[in-house]
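Summary of the model geometry
Spelled out from the first residue to the last, the chains are:
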Amino acid sequence: MGQKFEVQVKELSKKYSAGLFDFQDTSQLEPLDSIIGQKRAVEAIDFGLNMKGKGYNVFVTGLEGTGKSTIVRKLLKEHAKNCETSKDLCLVNNFDDTYCPVVIEMPAGSAVYFSQSMIQIIEVLKTKIPAFFAAQSFQEEQKNIHKEYSNRQKELLEDVEHAAKSTGLSILRTENGYTVVPATDGRPMSQEAYQALDETIRQKIDKSSQQVEEKLNESLIEINKLGQQMKGVLKDLVALKTDQLISELIDPVRYYFRECKDIKLYLTKVKDDIINNIAIFLGAQAQKDEEDKKFLEMAGSLVKRYQVNVLVDRRREKGAPVVFEPNPSFHNLFGKIEKKPIMGSFATDFTMVQAGSMLKANNGFLVLDIEPLLMNPPVWEALKRTLQDSQLWIEDTPGQADYGMPSLKPAPIPLNITVILVGGYEPFRILQNSDSKFNKMFKVRADFDSEAELNDENGYNYARFIAHACQKEKLLNFTPDGVCAVIELGKRMVADQQKLSLRFGHILRILKEADYWARQDTASVISQEYVFQAHNQYRFRHNLYEEKVLEQFTDQSVLIDVKGEVTGQVNALAVYDMGEIAFGRPTRITAESYMGTPGIINVEHEADLSGQTHDKGIMIVAGFLGRMFAQNYPLSVSISITFEQSYNGIDGDSASSTELYAVLSSLSGIPIRQDIAVTGSVNQKGEIQAIGGVNEKIEGFYDICRKKGLTKTQGVMIPSSNVKNLVLRKDIVQAIEKKLFHLYKVSTIEEGIKVLTGVNAGKADSDYCYPENTIFGKAQEKLKKYHELSLQYGK
C-alpha cells in the first residue's frame, strides 16, 4: 500500500563525480585562497570600495557564520595595500585661543619625529636660554646698553641741575620724585630763611623755580622716553638672541617639513610665543627655593604649551588604514577629551585629547558591527552627522558637556572615510524602513548568501577549504570520506541535497571538534567516523531537553499511536528550535464532525493558543471543504480540530494538510494509519506545499517508533517538493534501505489520503457527485445526510 508514492533510497543522497576526491588526505590539496559562492557580495564590496562620492558606504548583511567579517577583512586589506598611505595627524596648541587646539596633517610616519623634536627643542631651550643670557658676553652687551642710556639720562638731569644752580636753586630727590628748592651756598634753603627774604627776591626765586620746573619736567619726560627706548632695545636684543637660539634648533625641523605649510606656520608661532614668554624660561632654572614652587609649576605648564599630541601615527602602516572597531562607543569612535581632578574640580588641555577609530581610519576604511552601534542612539546619530558633513569633531559626550566642566573644542577635522557596517538582516531592515538618512549614506548593499550550489567545483573547493583550515589551525588532515562527511553536514545545515552551507564558522567548529576526537583516538588522519562523532557529541551536549521530551512518549505521559488505525486521528509533526539545535516530535491531531452550527471550531484558537498562520491554515481547510463538497448545497456540519496534549502556542501551517486528513477521515468514517506521520501545508486547491524542518520531523518520528518498537510499516509522508531537502541521519537511511522505515511523497490531498487509508479519494462527476466507496464519496454522503436533517429540524 502506497508503494507508488514511496521515496526510493537513491533519492536520499547525491552521488559525487568519480575521481572528484582523488587524494589520500587533504595535505595533497592546494589550500583554498579564494571565496566560495559569494560572487554577489564580493562584487558589491569591490564596487563600494572603488566608488568615489558621498554616501557610498557599505552595509554587509547575512546569516551568522557566513564569514562576513573574515571576507570583509580579507578584501579590505587586499584593496587597502594598493592605496596611498594616509597622513599622520597631530594636535597642537592654538596660541591665540588655547580652548581651540589645531590639528595638523603631516607625511605618514613623521608625527612621532615631530613630537620628539619639539620635546627636545624645548628641553634644550630650558637650559640654553638661561645659560646664554647669563654669559659674560651678553651681560657686557646688556651693560653697555644700560650705560649708554644711563649716561644720556644723567646728562639731561645734569643740564637741569646746572640751570637751577645758575639761578640759585637746587634740585632735591624725594619719595615723590624731584623738587626744585631755593639754595644758599649750594645747600637747600630752609622754609624760615625763605620767608625772611624780601618779597621782591621771593618773587624772583619763584619765577626762576617755575622755569626750572618746566625744564625739569621736560627732561624727566625725555628720561622716561630714554628708559622706554632702552627697554625696547634690550627686548629687541633678547628677541634677536632668542630668535638665533631657537632658529638653530627649529630650522632643521622646518626644513624636514618644508612641504608642510601648517607646520612652518606653527613653528613661527612657537618662536614668537617663546620670545614673548622668555622671562619664565629665564626663571625656570634659577628658582630653587620652596616658595618658588608655583613659579616652577607655571614654567612647566608653559613648556607644555609647545608639546605635540600625536593623534594618529602611521609609521607601521602601508596603504590605506583599515580599522575594525568591536566596541563602537562614543569615545572609541569619535575620540575623547580626558579630564583630571584638581582641587575638587577638573582640568584639561590639548595633550589630553585622544583620537577615535574614525580619525584613525581617515582616508581609509572603518568596519563596525551594527548591533552594538544601534544600542547607543546618540552614537548612531553622531555617526550619521559626521558622514553627512565629512567632518569630525572631537568633543565631550552629549551628557558630559552639561556639568559645567571645562573642556576644549578642537577645530573640525576634514574626514574622508568609507564605513562598512556588518550585521544580520533584521537591523538593516529596520533601518531601511525607519531611518530616512540610512539609504542616502549607505548606498551599497553586500548580501552574503548562506548556501551555494553543490557542483563539482564547489565540492572540490570545500575540500580545499578544509585543507586551508587544517594548515591554519594545525589540524590533522582529512581523508576523502572525512571530506564527504563534512560535505554531508554542510548539506544538512541548509537542508538541501543540491546545495552546500556557506556558514563556514559552523563548519570550522566541526573540523576542530573532529580533530579533537581523532587525537583522542591517536589517529593520524580524520575520517568520516570522527566527523560524525564530532557532530553527534555536539548534539549530545545540547539535547537534554529533546531526550526529556522523548521520555514522555515512551512512558505514556504523552499519548501517541505508532501502529493500528483510528478514525479522525493523524500523527502530525512539529519542530522545536532550541537555538543551538532543532528536533522534531509528533503530536496527535484529532477531528470530530457532527451536526451543529456550520463551520470549523479551531480549539487552539478558542483557547488563545493559535497563531495567525495556523488560523490561516484552518481557513484554507474550510475553503477546500467548501470547494469540494458545497457546490450543490451548503455545509451543515460542525467540525472540531485540536492538537491533543498541546499546552503551548501553535503557529505555522505545516500541519494544515494533516488537519484536513483528520477531517476527511472523520467525515468519511474511514480510519487512518497511525504508523505514518504526516507533514505538509495545503492550499485551497488541495495541493501539498513544501514545509521546513523536514529532516528533524522525520528523525523525531523515527526515534519514537524505534523506542516503541519498529514494525517495518512505519514511516513519514512528506510533500513531494521536500524530497530535495532530505539529508537524513545515517541510521535512518540504513533503516529505509532495510525496509524497516518508509518515506512517502505526495503532491495532492487525494494522493495523501490514499496512502493513509488505502482507499481512493474519488473524483467528482459533472454534477459534483463522488463515487461510492471512496473517501470523498462517503464524506459527501454524510454531509448530505446532515444537510437533510438540518432542513427537517429547521422546519
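Residues numbered from 1 in each chain as written. Predicted model: local features only at pLDDT ≥ 70, side-chain atom pairs only at ≥ 80, totals over all residues. Heavy atoms only, no water.

**Section: the nonpolar core**
- One finds Leu625, Phe629, Tyr661, Leu664, Met717 and Phe776 to be the most contacted residues of the largest nonpolar core, which totals 44 residues.
- Considering every element that reaches this core, the biggest residue donor is helix H22 (residues 612-629), with seven residues.
- Here Met717 is in contact with Tyr661, Ile676, Ala677, Val678, Thr679, Tyr744, Val746, Gly752, Val755 and Leu756, once residues within four sequence places are set aside.
- Listed in part, the 39 residues of the second largest apolar core include Leu91, Ala355, Leu368 and Leu408. (Core = buried A, V, L, I, M, F, W, Y, C linked by side-chain atoms within 4.5 Å. Buried < 20%, exposed > 50% of the residue type's maximum accessible area, 1.4 Å probe, protein only. Helix = DSSP H or I, 4+ residues; strand = E, 2+ residues; numbered from the N terminus. Contact = heavy atoms within 4.5 Å.)

**Examining unusual backbone geometry**
- Even without glycine at this site, Asn363 takes up a positive phi of about 65 degrees.
- If you trace the backbone, Asn363 turns up in the loop between helix H11 (357-360) and strand E13 (365-369).
- Of note, Thr522 is a non-glycine position whose phi angle comes to about 55 degrees, a positive value.
- The residue Thr522 is located in the loop between helix H18 (504-520) and helix H19 (528-542) in this model.

**A few points about the pairing of strand E24 (residues 638-643)**
- In terms of burial, E24 is a largely internal element, six of the six residues being buried.
- Taking every second residue as pointing to the same face, both faces of E24 are buried, with Ser638, Ser640 and Thr642 on one and Ile639, Ile641 and Phe643 on the other.
- Pairing analysis gives six bridges linking strand E22 (residues 582-594) to E24, with the strands arranged antiparallel. Directly across from Thr590, in E24, lies its bridge partner Thr642. (Pairing = 2+ DSSP bridges.)

**Considering the packing of aromatic side chains**
- Following the criterion strictly, the structure yields 27 aromatic pairs and no others.
- Taken together, a centroid distance of 6.1 Å and an interplanar angle of 40 degrees make the contact between Phe428 and Phe438 tilted. Placement of Phe428 in helix H14 (residues 425-434) and of Phe438 in helix H15 (residues 438-441) is noted, with a sequence separation of 10 residues between them. Comparing Phe428 with Phe438 shows no difference in burial state: the two are buried.
- Between Phe465 and Phe504 the ring centres are 4.5 Å apart and the planes differ by 45 degrees, which places this aromatic pair in the tilted class. You can see Phe465 sitting in helix H16 (residues 456-473) and its partner Phe504 sitting in helix H18, a full 39 residues away along the chain. Accessibility classification places Phe465 together with Phe504 in one group, the buried group. (Phe/Tyr/Trp six-rings, centres within 6.5 Å; stacked < 30°, edge-to-face > 60°.)

**Here's the deal with the packing of H16 against H18**
- Two numbers describe how H16 lies on H18: the axes approach to 11 Å, and their chain directions differ by 60 degrees. Considered as vectors, H16 and H18 are oriented oblique to each other. Taken as a pair, H16 and H18 cross one another with a handedness that is right-handed. Residue-level inspection shows Tyr462, Phe465, Ile466, Ala469 and Glu473 of H16 in contact with H18, the latter providing Phe504, Ile507, Leu508, Leu511 and Lys512.
- Partitioning the contact of H16 with H18 into residue classes produces eight nonpolar, no polar and two charged. (Axes fitted to C-alpha atoms, helices over the stretch in contact; angles between N-to-C directions. Parallel < 35°, antiparallel > 145°, perpendicular 65-115°, else oblique. Left-handed = near helix turned anticlockwise from the far one by under 90°. Nonpolar A, V, L, I, M, F, W, Y, C, P; charged D, E, K, R; others polar.)

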